[in-house]
Amino acid sequence: MTKLVAISGSLRKGSFNTALLRAALGMAPEGVTITAGSIHGIPLYDGDAEAADGIPEAVVRLKDQIAEADGVLLFTPEYNNGIPGVFKNAIDWLSRPSSDIPRVFGGKPFAITGASPGNFGTLLSQEAWLPVMRTLGTVPWFGAKLMVSRAGTVIQDGAIADEATEKKLRDFVAGFAAFVRDYKS
């Protein structure tokens, strides 16, 4: 059984990326499970708080979920042509202490996708994540790109309302799952 964890980089209840993630949960190919991780409850990173109080429970929970998974799907928004601060903050916390990076990230396949109301999807955000993923020692999957543009027209009432987008997401999930399965063996 291949275990994937999917994480949305948005806290917004009506997030297009969270809707995309929810759709992906139901698209797991045979022999694959996809569970949702959450960045909710992760505070702003503060080294003094880490030194005084340790790693917050929300961070510990997500770190363990990622460490136990065979691969990770990141559903990233794009804010001001880059990585959303709240998502980067969560990844920064997940890399603490730095001695834990190999357990959580090292050699683990990661796929990045996202949805945006603009015309370019999340192209710039996805590209901006690559140096971060490289630094953490992940194995980025380059088998396909999925950038859902004009998300307000293809995602309605929290669900994918466009057959072409649904097929692209299904193919993306299946391609990444196959990559992770082959990488594991």
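Residue indices follow the written sequence of each chain, beginning from 1 at its first position. Given that this is a predicted model, residues contribute local features only at a pLDDT of at least 70 and side-chain atom pairs are listed and counted only at 80 or more, while totals for whole chains, interfaces and linings are drawn from all residues. Derived side-chain values reflect all non-hydrogen atoms in the structure, with water molecules and hydrogen atoms excluded from consideration.

Attention shifts here to the overall build of the protein. The way it works is that DSSP assigns letters per residue, a run of H or I at least four long becomes a helix, a run of E at least two long becomes a strand, and they are numbered from the N terminus. Secondary structure assignment for the protein yields eight helices and eight strands. A globule of 185 residues ought to have a C-alpha radius of gyration of about 16 Å, and the protein, at 16 Å, matches this closely. Here the protein holds 185 residues, and 45% of them are scored as buried. Contacts between residues were defined by any pair of non-hydrogen atoms, one from each residue, lying within 4.5 Å. Long-range pairs, those at least 24 residues apart, make up 81% of the contacts in the protein with a sequence separation of at least 6. A 1.4 Å probe and the Shrake-Rupley method give the accessible areas. Residues count as covered only by the protein chains that appear here. For the protein, the accessible area works out to roughly 8800 Å², and carbon and sulfur atoms hold 54% of it. Only four residue types enter the charge count, namely Lys and Arg as positive and Asp and Glu as negative; His and the chain termini do not. A single reference atom marks each charge: NZ on Lys, CZ on Arg, CG on Asp, CD on Glu. With 18 positive and 19 negative side-chain charges, the protein shows a spacing of 3 Å between the two charge centroids. Within these notes, the globule rule equals 2.2 Å times the number of residues to the 0.38 power, and the radius of gyration is based on C-alpha atoms. Only protein chains enter the calculation, and the probe is 1.4 Å; a residue is then buried if its accessible area is under 20% of its type maximum, exposed if over 50%, and partly exposed in between.

All right, on to the packing of aromatic side chains then. Note on aromatic contacts: the rings of Phe and Tyr and the six-membered ring of Trp form a pair at centre separations within 6.5 Å, being stacked when their planes are under 30 degrees apart, edge-to-face when over 60 apart, and tilted otherwise. Under the criterion given, the structure shown has seven aromatic pairs. On the basis of an interplanar angle of 25° and a centroid distance of 6.5 Å, the ring pair of F176 and F179 is categorised as stacked. Here F176 pairs with F179, and both are found in helix 8 (residues 163–184), just three residues apart, close to one helical turn. According to the relative accessible area criterion, F176 is buried, its value standing at 0%. Aromatic ring contacts, followed pair by pair, group W141, F172, F176, F179 and Y183 into a single cluster.

Mapped onto the elements, D92 comes out in helix 4 (residues 85–94). The exposure class assigned to D92 is partly exposed, which follows from its relative accessible area of 28%.

This paragraph deals with helix 4. Taken together, the buried positions of helix 4 are F87, N89, A90, I91, W93 and L94. At its buried positions, helix 4 is contacted by strand 1 (2–8), helix 2 (47–53), helix 3 (57–68), strand 3 (71–75), helix 5 (101–104) and helix 6 (123–135).

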